[in-house]
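Summary of the model geometry
Each chain, letter by letter, is given below.
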Amino acid sequence: MPQSSQVTAAEISRLAGVTRATVSNWRRRHPDFPAPTGGTETSPAYDLAAVRAWLAARGQLPAASSADDLRTALRASASDVAHRSTLLPLVVAVSRVADTVRKAAEVPDDRLPGWAERTARSHAAGIPGTGNLTYHASEVGLLRALLRCIAEEGPARTLDVLAEGDLNDTKASGQYLTPQPVADLIADLLAGPGEPYPEKVFDPACGGGSLLLAAAERGAAEVYGQDVVPAVAAQAAARLAIEAEDTRPQVEVGDSMRHDAFPALAADAVLCAPPYGQRDWGHEDLAYDPRWLFGLPPKGEPELAWLQHCLAHLPPGGRAVLLMPPGPAFRPSGRRIRAEMVRSGALRAVLALPVGVAQPLHISLHLWLLERPHPQAALPSTVLMVEAPEPGRAVDGSGGRPGSDWSALRGAVLNAWHDFDRQPENFEPIPSTARAVPVVDLLDEAVDLTPTRHVRAAPVPAKPDELAELAYELRSRLRRAASGLARLSGGQSWPPAGAEAVSWRTASVADLLRGEALTLLRAPAVVRGSSPTGREPGGGRVLTAQDVVARRPASGTADDEPSDEDIEIQPGDVIFPELLHEGAGTARVADSGDAGCLLGRALHLLRPDPARLDPWFLAGFLSAEDNLSAASSGTSVVRVDPRRLRIPLLPLAEQQRYGRAFRQLHAMRTAADLADRLADETARTLAAGLTGGALLPPDGTSEGPR
């Protein structure tokens with residue numbers, strides 16, 4: 001049996017919709033479980049057909065989605081990434097003509113490879129590495145699975161399946177996927193409100209094309225990209241061809257530093273998230289390269305080489321935005337180049353993002369805003385430093401940890417930059433967030449460009465009695481919140497189920513949809529160039545993915561969350577994000593406060609039949625970690641397939657009993673969130689009062705906590 005038809009224990013767990021521990025139990029307890037046919041002693045592999053037959057005989061094989069079928073066909077056909085890339089032109093071709101899938105169904109198997117070649121060939125030229133396009137008779141099953149996935153899941157989702165494993169977030173590679181909200185923020189920084197968007201945008205380390213796609217969605221007419229990984233560059237080209245039809249893309253393969261595919265390109269703007277920490281970037285080979293406007297970067301400063309590479313592709317006055325690690329802002333080896341950048345006026349702003357918004361999650365990434373100096377222009381006298389606020393919880397789709405409410409963060413960063421860009425000499429500092437720092441202050445012996453060092457802390461209220469009154473009010477609110485949390489966490493005990501855990505017969509959401517016990521709704525993203533249907537600009541509240549994860553009221557608007565179809569939320573609807581965060585998901589049961597709001601993007605809405613399903617029961621089991629793990633796919637961006645989630649089959653009265661328990665847990669979490677916010681605000685206020693001299697320490701006569 002070929003290796004391509006084998007599966008690991010982790011893949012079996014996803015296939016069966018169970019945990020890996022359950023698969024281990026099956027192996028130990030059932031003598032008829034298929035024996036390993038490959039792999040290693042510590043990581044055995046099993047024959048896929050045998051595993052499927054065993055699961056089907058036990059009733060453990062859920063209905064497979066077309067995406068699962070495509071994964072299986074890819075595994076059985078070929079494991080090399082280059083083979084997957086040859087399928088990309090066919091996805092692009094089918095996405096352009098709505099009737100193509102129907103026509104393919106009428107083509108006999110013996111003619112399908114030839115038909116697919118002819119259909120895809122016209123689009124192969126725009127996708128690097130797919131020039132010699134050939135499909136074989138042995139790939140008929142793969143081609144059928146691909147076409148079904150396009151028809152049922154859509155071209156973009158099909159690309160996601162083909163891209164799985166092409167690029168992993170790893171420290172070793174220095175390459176990280178840019179989460180979509182971060183890509184959107186980077187693209188938004190290129191143009192202010194009412195300003196025309198740059199027509200020609202370049203990304204010399206384009207990866208899967210997220211930055212170029214964000215620029216295309218905002219009006220870029222031409223986008224150029226280059227990436228060193230052939231399969232990733234091909235993915236970027238295909239994604240741009242499918243999702244940015246009105247834009248002319250050109251993506252090439254190669255090492256941008258050593259073999260620039262666009263040496264004569266002068267783009268209107270550059271967006272880039274360069275690889276981090278790659279010492280082998282060409283220091284020895286490129287010592288006399290004309291791109292080094294501010295000097296040859298040290299070998300250990302590859303990010304400063306990428307930065308100058310981006311500036312070299314701009315005309316005077318052209319701008320670039322780079323997503324950078326924090327090191328280049330302060331490392332001594334890069335001090336000379338930083339100083340030259342500041343003196344020349346090339347550096348316009350450094351914006352620090354909160355920890356955890358993108359990989360690598362343990363550091364605060366920076367956005368550097370650059371402008372190629374104009375020889376006749378006056379040199380700027382200030383540089384904007386922004387320390388983005390640390391609001392609620394991360395909902396960025398990056399797998400990041402709690403720490404970023406993107407609506408508030410995005411607004412703070414964009415408002416500060418646009419205000420500074422309009423009037424850099426008259427920029428009013430924003431306490432604890434933004435400050436225009438004079439160039440002369442930056443040119444000290446360290447030339448440290450870390451925003452935290454330059455953004456001043458918020459001042460303490462001038463009068464001590466005002467701060468004391470504020471602190472007393474915060475402490476009172478904190479005590480009330482803590483008392484409420486204590487009440488919710490007490491009460492009756494939660495008894496054990498017995499000697500063994502209770503098990504139920506379950507049904508997938510797909511089964512419940514077919515039985516009309518549920519309705520699944522999702523708001524599609526707006527097509528670029530069109531306007532949301534029937535919405536007044538800024539009118540109507542929209543429930544966003546951030547709102548669901550943070551357990552807060554709807555905060556979005558039609559401008560922030562455009563859609564081609566308005567879906568109005570009703571009480572009892574169960575809503576959960578399409579993407580997992582930190583491996584966990586949150587399902588929300590809509591109440592009267594949510595009624596009438598519109599469903600935002602990247603959210604699934606399940607509308608249960610109240611005579612058959614209790615919404616709180618449904619939400620509780622949908623949020624179970626094992627359930628979500630079995631129904632999800634991806635590495636950096638973990639996406640949930642709602643149809644694969646499973647729900648116990650219980651009478652309505654029993655569902656309602658579980659539903660009351662899940663509702664109590666929801667109230668407990670909400671109370672804990674409130675207490676946590678108040679504790680943080682209270683502690684910060686008291687600490688600021690002590691360090692600012694407005695408050696004195698307690699005299700120690702009252703007994704505190706032990």
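Our subject is the structure listed above.
As the structure is a prediction and not an experimental result, all values here were calculated from the model.

Analysis parameters
- Residues numbered from 1 in each chain as written.
- Predicted model: local features only at pLDDT ≥ 70, side-chain atom pairs only at ≥ 80, totals over all residues.
- Heavy atoms only, no water.
- Pairing = 2+ DSSP bridges.
- Helix = DSSP H or I, 4+ residues; strand = E, 2+ residues; numbered from the N terminus.
- Axes fitted to C-alpha atoms, helices over the stretch in contact; angles between N-to-C directions.
- Contact = heavy atoms within 4.5 Å.
- Salt bridge = Lys/Arg side-chain N within 4 Å of Asp/Glu carboxyl O.
- Buried < 20%, exposed > 50% of the residue type's maximum accessible area, 1.4 Å probe, protein only.
- Core = buried A, V, L, I, M, F, W, Y, C linked by side-chain atoms within 4.5 Å.
- Parallel < 35°, antiparallel > 145°, perpendicular 65-115°, else oblique.
- Left-handed = near helix turned anticlockwise from the far one by under 90°.
- Nonpolar A, V, L, I, M, F, W, Y, C, P; charged D, E, K, R; others polar.

1. Some points on the sheet that holds strand E9 (residues 347-352)
Strand order in this open sheet of 9 strands is E6-E5-E4-E7-E8-E10-E9-E11-E12, and the pairing throughout is mixed. Bordering the open sheet on either side are strand E6 (248-253) and strand E12 (434-438), each of which pairs with just one other strand. Across the sheet, the axes of successive neighbouring strands diverge by a mean angle of 15°, strand direction being ignored. The strands that helix H13 (residues 230-243) touches are strand E5 (222-227) and E6; relative to E6, the one it contacts most, it runs at about 175°.

2. Some thoughts on the pattern of salt bridges
Opposite charge on two side chains lets them pair, provided their charged atoms get close. What the rule picks out here adds up to 32 salt bridges. A salt bridge links Arg258 to Asp255; its shortest N-O distance comes to 3.1 Å. The closest approach of N and O atoms between Arg607 and Asp573, which form a salt bridge, is 2.8 Å. On the criterion of sequence distance, the pair formed by Arg607 in strand E19 (residues 603-608) and Asp573 in the loop between helix H21 (545-550) and strand E16 (574-577) is long-range, its members being 34 residues apart. According to the relative accessible area criterion, Arg607 is partly exposed, its value standing at 22%. Beyond isolated ion pairs, a larger network of salt bridges with shared partners links Asp160, Arg239, Glu243, Arg522, Glu578 and Arg639.

3. Observations concerning the nonpolar core
Residues Leu271 and Leu367 are the most contacted members of the largest nonpolar core, which totals 88 residues. Once residues lying within four places of it in the same chain are set aside, the contact partners of Leu367 are Leu185, Ile186, Leu189, Val321, Leu322, Leu323, Ala349, Val350, Leu351 and Leu353. Formed by 41 residues, the second largest nonpolar core is a distinct cluster that contains Tyr224, Trp292, Ala320 and Ala329.

4. Looking at the sheet that holds E16
The strands that make up a sheet pair up through hydrogen bonds in the backbone, lying either parallel or antiparallel. Strand order in this open sheet of 4 strands is E14-E19-E16-E17, and the pairing throughout is antiparallel. At either end of the open sheet lies a strand with only one pairing partner, and these are strand E14 (518-521) and strand E17 (588-589). Relative to E19, E14 runs antiparallel, the two being bridged by 4 bridges. Each residue of the ladder has a partner; that of Thr519, found in E19, is Arg607. The strands touched by helix H22 (residues 615-622) within the sheet are E14, E16, E17 and E19, with E16 carrying the most contacts at an inclination of about 20°.

5. What to know about the packing of H22 against helix H24 (residues 652-692)
Think of two packed helices as two axes; the pair is described by the angle between the axes and how far apart they sit. Two numbers describe how H22 lies on H24: the axes approach to 7 Å, and their chain directions differ by 65°. As summarised for this structure, H22 and H24 are arranged roughly perpendicular, according to the angle between their axes. In terms of crossing hand, the pair formed by H22 and H24 is left-handed. The residues of H24 that touch H22, namely those facing Trp616, Phe617, Gly620 and Phe621, are Gln655, Tyr658, Gly659, Phe662, Arg663 and His666. Residue classes in the contact of H22 with H24 are distributed as 5 nonpolar, 4 polar and 1 charged.

6. Looking at the pairing of E12
Of all the 5 residues making up E12, 4 are buried; the element is thus mostly covered by neighbouring parts of the structure. For strand E11 (residues 382-387) and E12, the ladder comprises 5 bridges, and the chain directions are antiparallel. Looking across to E12, one finds that Val386 is bridged to Ala434.

7. Digging into the packing of helix H8 (residues 112-124) against helix H9 (residues 140-153)
Contact geometry for H8 and H9: axes closest at 10 Å, N-to-C directions at 50°. Looking at the two axes, H8 sits oblique to H9. Crossing of H8 over H9 shows left-handed handedness. In this structure, H8 uses Leu112, Pro113, Trp115 and Ala116 to contact H9, whose residues at the interface are Val140, Leu143, Arg144 and Leu147. When the residues that make up the contact of H8 with H9 are grouped by side-chain class, the tally is 7 nonpolar, no polar and 1 charged.

8. A short note on the side chain of Thr682
On the secondary structure map, Thr682 appears in helix H24. Not counting the four nearest positions on each side in its chain, Thr682 is found in contact with Leu474, Arg475 and Leu478.

9. As for unusual backbone geometry
Despite not being glycine, Val447 has its phi angle at roughly 45°, a positive value. Structurally, the position occupied by Val447 is in the loop between helix H17 (439-442) and helix H18 (451-454). You will see that Ala602, though not glycine, has its phi angle at about 60°, which is positive. Position of Ala602 among the secondary structure elements: in the loop between strand E18 (598-599) and E19.

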